[in-house]
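A structural walkthrough
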Amino acid sequence: MLPVKPSPPPLVKLPPPVAQVTDPVNICPPVKKMSGSGDEDKLESRTAAIASQSVRCSIFPFVVSPDTERIRFMLKEEDEVPATPQLFTELDELLAEDGQAMEWKETARWVKFEEKVEKGGERWSKPHVATLSLHSLFELRTCIEKGTIMLDLEASTLPLVVENIIDRQIENGQLKADFKDKVMFTLLRKHQHQTKKSNLRSPADAGKTVPSASSPATTHQTVAPGSLYVSEKPDKHQLKNKFIKKLPKDAEASNILVGEVDFLDSPLVAFVRLRQAVMLGALTEVPLPTRFLFILLGPKGNAKSYHEIGRAIATLMSDEVFHDIAYKAKERQDLLAGIDEFLDEVIVLPPAEWDPAIRIEPPKSLPPTDKRKNMYSGADTVQMNGGEHKGGSHQIGNELKRTGRFFGGLFLDIKRKAPYFPSDFYDALNIQSLSAILFIYLGTVTNAITFGGLLGDATENMQGVLESFLGTAISGAVFCLLAGQPLTILSSTGPVLVFERLLFNFSRDNSFDYLEFRLWIGLWSGFFCLVLVATDASFLVQYFTRFTEEGFSSLISFIFIYDAFKKMLKLANYYPINSEYKINDVTHYDCICKAPTVDNKSGLYSDSLEVSTWMLNVTELDTWSSLTKKDCIKYGGELVGKACKFVPDITLISFILFFGTYICSMSLKKFKTSTFFPTTVRKLVSDFAIILAILIFCGVDALVGVDTPKLIVPTEFKPTSPHRGWFVFPFGGNPWWVYVISAVPALLVTILLFMDQQITAVIINRKEHKLKKGAGYHLDLFWVAVLIILCSFMGLPWYVAATVISIAHIDSLKMETETSAPGEQPKFLGVREQRVTGVFVFILTGLSVFMSPILKFIPMPVLYGVFLYMGVASLKGVQFMDRLKLLLMPAKHQPDLIYLRHVPLRKVHLFTFFQILCLALLWILKSTVAAIIFPLMTKTMDLECNGL
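These numbers come from a predicted model, not from an experiment.

Turning our attention to the state of the cysteines. Under the defined criterion, the tally for this structure stands at one disulfide. Between the sulfur atoms of Cys-593 and its disulfide mate Cys-632 the distance is 1.9 Å. Its S-S torsion of approximately 85° makes the covalent link between Cys-593 and Cys-632 right-handed. Of this pair, Cys-593 sits in strand β10 (residues 592–594) while Cys-632 sits in helix α21 (residues 629–634); the two residues are 39 residues apart in sequence, bridging distant segments of the chain. Taken as a pair, Cys-593 and Cys-632 share a single burial class, namely buried.

The next thing to look at is helix α9 (residues 320–328). Most of α9 sits inside the fold, with eight of its nine residues counted as buried. Considered for burial, the residues of α9 that qualify are Val-321, Phe-322, His-323, Asp-324, Ile-325, Ala-326, Tyr-327 and Lys-328. The backbone nitrogen of Val-321 lies 3.3 Å from a side-chain oxygen of the residue at the head of α9, namely Asp-319.

Below, the discussion takes up the packing of helix α3 (residues 134–146) against helix α10 (residues 332–345). Running from amino to carboxyl end, α3 crosses α10 at an angle of 170°, the nearest separation of the two axes being 9 Å. Looking at the two axes, α3 sits roughly antiparallel to α10. On α10, the residues that touch Leu-134, Leu-137, Phe-138, Leu-140, Arg-141, Ile-144, Glu-145 and Lys-146 of α3 are Arg-332, Leu-335, Leu-336, Ile-339, Asp-340, Phe-342 and Leu-343. Here the residues of the contact of α3 with α10 sort into 10 nonpolar, no polar and five charged.

What follows covers the nonpolar core. Ranked by size, the top nonpolar core spans 66 residues in total, and within it Phe-439, Leu-711, Tyr-869 and Met-870 carry the most contacts. Tallying contributions element by element places helix α31 (residues 860–873) first for this core, with 10 residues. Tyr-869 has contacts with Phe-439, Tyr-662, Ser-665, Met-666, Lys-669 and Ile-690, leaving out every residue within four places of it along the chain.

Here the focus is the packing of helix α12 (residues 408–417) against helix α27 (residues 777–794). Interhelical geometry of α12 versus α27 gives an angle of 105° and a closest axis separation of 7 Å. On the basis of their axis angle, the class for α12 and α27 is roughly perpendicular. Together, Gly-409, Leu-410, Asp-413 and Ile-414 of α12 and Tyr-777, His-778, Leu-779 and Phe-782 of α27 make up the contact between the two elements. Considered class by class, the residues forming the contact of α12 with α27 number five nonpolar, two polar and one charged.

Take the pattern of salt bridges next. Opposite charge on two side chains permits pairing when their charged atoms draw close. Taken as a whole and assessed by the stated rule, the structure comprises 21 salt bridges. Here Glu-114 ties to Arg-311 by a salt bridge, and the two come within 2.9 Å at their closest N and O atoms. Here Glu-114 is found in strand β3 (residues 114–116), whereas its partner Arg-311 is found in helix α8 (residues 303–318), with 197 residues between them in sequence. Each member of the pair, Glu-114 as well as Arg-311, is classed as buried. Between Arg-275 and Glu-154 there is a salt bridge, and its shortest N-O distance comes to 2.8 Å. Of the two residues, Arg-275 sits in strand β7 (residues 268–278) while Glu-154 sits in the loop between β4 (148–153) and α4 (158–171), which places them 121 residues apart along the sequence. A single salt-bridge network, built from bridges that share partners, covers Asp-424, Asp-427, Lys-773 and Arg-835.

Turning our eyes to something else, we now look at the confidence of the model for the protein. As a general rule, the predicted coordinates of low-pLDDT regions are not to be interpreted in detail. In this model, the protein carries an average pLDDT of 75, and 77% of its residues clear a pLDDT of 70 or more. Taking the mean pLDDT of every element in the protein, the minimum, 33, falls on helix α6 (residues 216–219) and the maximum, 93, on strand β8 (residues 290–298). This model gives residues 599–621 a pLDDT under 50, and the stretch forms 32 contacts once residues within four places in sequence are excluded. In this model residues 936–948 is a low-confidence stretch, pLDDT under 50, and it forms 28 contacts with partners more than four residues away in sequence or in other chains.

With a phi angle near 60°, Asp-152 is a residue other than glycine that sits in the positive phi range. Not every positive phi belongs to a glycine, and Asp-536 is a case in point at roughly 55°. On the secondary structure map, Asp-536 appears in the loop between α17 (514–534) and α18 (546–574). Owing to a relative accessible area of 1%, Asp-536 belongs among the buried residues under this scheme.

What counts, and where the lines are drawn
- Counting of residues starts from 1 at the beginning of each chain's written sequence and follows it residue by residue.
- Whole-chain, interface and lining totals are the exception, using all residues; otherwise, since this is a predicted model, local features are given only for residues with pLDDT of at least 70 and side-chain atom pairs are given and counted only at 80 or more.
- Values reported for side chains reflect all heavy atoms of the structure, with hydrogen atoms and water molecules removed beforehand.
- Note that a disulfide, as used here, is simply two cysteine sulfur atoms within 2.5 Å.
- Each helix corresponds to a stretch of at least 4 residues labelled H or I by DSSP, and each strand to a stretch of at least 2 residues labelled E; elements are numbered beginning at the N terminus.
- Burial status follows relative accessibility: with a 1.4 Å probe on protein chains alone, a residue under 20% of its type maximum counts as buried, one over 50% as exposed, and anything between as partly exposed.
- We call two N or O atoms a polar contact when they sit within 3.5 Å, provided that within protein one can donate a hydrogen and the other can accept it, with sequence-adjacent residues counted only if both atoms are side-chain atoms.
- Fitted lines through C-alpha atoms serve as axes, helices being fitted only where they are in contact, and the angles separating the N-to-C directions of these axes extend from 0 to 180 degrees.
- Angles are sorted into four bins: roughly parallel if under 35 degrees, roughly antiparallel if over 145, roughly perpendicular if 65 to 115, and oblique for all others.
- We call two residues in contact when some of their heavy atoms are within 4.5 Å.
- Each residue receives one of three labels: charged for Asp, Glu, Lys and Arg, nonpolar for Ala, Val, Leu, Ile, Met, Phe, Trp, Tyr, Cys and Pro, and polar for the others, Gly being one of them.
- By nonpolar core is meant a set of buried Ala, Val, Leu, Ile, Met, Phe, Trp, Tyr and Cys residues that side-chain atoms within 4.5 Å join together.
- One side-chain nitrogen of Lys or Arg within 4 Å of one carboxyl oxygen of Asp or Glu is enough to make a salt bridge.
- The pLDDT value expresses, per residue, how confident the predictor is, ranging between 0 and 100.

Laid out in structure tokens, this is it:
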């Protein structure tokens with residue numbers, strides 16, 4: 001008779017583990033295939049078979065089953081080990097080939113997904129989602145229900161484990177004592193693992209060390225030649241198996257042994273969990289300690305059924321929920337409850353509508369098991385958006401709480417960030433940091449040159465390229481070294497440039513000393529920022545919504561993209577292409593320099609060009625024709641010919657370099673998800689993608705030899721204007737009342753800097769970036785204020801957080817798991833938070849004045865391509881861009897986005913249209929003199945949108 005099932009355990013305490021099992025010998029007979037005369041008979045017999053082995057039928061969801069209570073109790077209880085280790089599961093089957101002796105041969109393995117040994121035996125299959133028959137799961141449940149269960153067994157060797165299993169089977173009457181030696185002999189046979197490699201190797205595997213096919217370690221890897229039993233120690237080839245790199249250091253093994261023998265009348269089933277994971281010799285393909293063993297030996301004729309049961313238990317062991325239950329189970333019923341939970345979650349594919357031979361590719365992102373675990377662990381109900389609903393878009397942490405004390409937020413930021421200061425340096429010890437330094441440096445240098453040139457035009461060189469270099473280097477290095485969020489990159493912005501132009505024109509029109517007037521505005525602005533720091537005004541950050549973040553970051557990204565194309569079109573206008581060029585008229589195209597035209601009345605050269613001619617002391621036509629184009633224009637010559645206005649090669653090559661750099665950067669950045677080359681090579685190429693793209697197209701430019709515009713860096717360390725020095729005196733240049741009224745424009749600058757800085761800080765500190773060292777809003781604003789005062793005294797530009805370059809900095813430092821299971825996409829771990837990359841970027845920027853001989857070989861179109869890449873890359877993950885795509889998609893092709901499940905599509909489109917309108921207004925605003933208040937307008941539109 002079958003034993004009576006124990007009653008479900010109380011919620012307070014589970015009963016102690018069952019020491020003995022008194023189940024009958026015939027523990028899991030395979031279910032016979034159904035047969036019938038008609039479809040109706042087949043359906044009835046098939047239904048009866050499933051119903052007979054089914055555990056329960058949860059028709060009424062409000063009824064809490066005993067198994068649910070049991071699982072809930074197990075998952076809620078605190079274990080000695082906080083997190084169960086990763087399991088490597090190996091399926092070995094008892095086989096005999098070509099008349100040789102029986103031996104255990106590895107046929108499949110699991111970490112997350114199933115990998116099978118291909119029939120040729122030369123390689124593993126691609127990782128795929130395991131597809132199981134429902135029948136095999138029911139048979140497995142019967143095996144666990146009636147087989148031998150040994151939990152927390154004390155054993156240190158495989159023979160000792162096997163002996164304990166056999167003794168328990170004999171004690172319970174499940175195995176005859178006469179079969180003990182035969183079972184021992186069978187279970188201790190040698191194991192042949194799938195490590196044999198083909199002699200025909202691909203170039204991608206050329207660097208890997210593989211033993212020769214004729215070596216004993218390849219033919220029988222786990223034992224010495226001639227041995228019949230499994231080795232007690234891991235062999236040399238196991239220790240060299242590189243698959244171990246895909247597993248975490250604390251991983252453990254689960255071994256599944258199934259096979260058929262001719263001396264048993266009924267199956268022998270055992271599920272064993274060792275108290276301590278131990279290395280069982282050469283039992284496992286990789287040298288991992290074994291924690292679980294599942295053994296199924298049965299009579300001849302059911303090998304396929306045994307194989308499917310082995311696959312079923314292996315798949316369960318790779319399931320996270322059952323995996324946790326197996327570690328915490330205290331008796332048989334716990335394991336049965338885990339199988340029942342797995343059956344509840346199983347999705348059945350109709351046999352007539354699915355080919356089981358098809359291997360399902362692993363998904364790009366695995367569904368989280370949190371919902372399954374939370375359902376049993378008694379956690380709070382998950383909201384429909386995947387998290388608890390909060391009143392604002394940002395969770396109020398310590399860094400955003402208003403302390404009510406003078407400089408209270410600043411002191412808390414320092415206290416919070418100080419323990420991480422040493423790690424901010426040694427955490428940068430990775431080659432990824434080098435790629436980030438080079439990438440961000442080139443972007444920063446290009447931005448400094450561009451902004452310095454525009455600033456020089458706006459202020460008549462009172463501030464120029466060299467001031468831009470020096471200010472960028474000083475402000476950026478100090479900020480990255482001492483600020484609360486060192487991943488933020490400081491730069492000058494468009495609104496600051498507009499303000500500088502307005503201020504210079506106002507000073508010139510009113511005969512004010514521009515630099516002194518600017519100094520007092522900077523002093524007042526720095527003072528106002530310090531007041532904001534002292535009063536914890538950064539707590540207002542919590543009211544910045546996703547609309548503000550997306551609107552601001554999208555606008556800045558669009559500006560980067562627009563400026564990249566604008567600069568290329570300006571280059572095309574400077575080097576125009578002759579669209580009417582005909583190859584047959586090539587002899588008609590020339591360009592020569594002629595002497596200036598003579599005024600017949602006065603006998604002098606027109607336009608006062610006599611001085612130029614006197615300097616040259618020549619008037620002959622052949623001498624003028626020898627001048628270069630620049631000299632001809634400089635000395636008043638006249639360019640004559642059809643070829644004088646057109647330089648087609650430069651524009652064409654420049655656009656090739658521009659788009660080539662962008663496309664190459666995008667392609668190489670995605671190379672880490674490619675199927676070519678080993679993982680290390682792919683990751684290295686991805687990390688240095690932008691640098692490689694720049695080097696490639698610098699090489700293309702040098703190879704073609706066309707005189708494309710190159711990067712121009714100042715070669716002398718002196719102020720751009722000879723009418724100023726490196727220090728601005730605060731008194732003497734303007735009336736005393738100017739020092740007072742400077743507070744009015746300083747208030748506008750303060751609003752601009754506060755909004756620019758804090759919106760960018762919010763974007764950088766998004767929780768999807770998984771930053772672990774915390775933010776420092778008050779500390780960041782403090783250093784921005786100090787640096788504004790310093791730059792004002794030195795007559796350098798003002799700097800604030802740059803959104804696009806900061807996002808690019810974050811992206812270049814993202815970390816992913818190095819030990820991902822086969823078929824599993826690497827998981828995003830967070831960002832390499834440190835101070836070294838930012839500090840080195842700005843130190844190199846300052847030293848760029850002395851690196852002009854090297855930098856002069858970099859074509860400007862290549863750097864414009866980098867600008868385009870940064871602008872496009874920063875739009876990645878912005879929900880606004882996803883909603884823009886929805887406007888052009890029919891409903892049937894729209895992705896399954898979470899907000900589309902709960903918000904009507906017309907409301908989504910209405911919100912998108914409103915956001916487009918706001919961005920258009922901001923774009924118009926930033927093109928006018930009112931650009932200095934556009935961050936404030938962003939927040940105003942945000943409030944209007946919330947009202948919508």
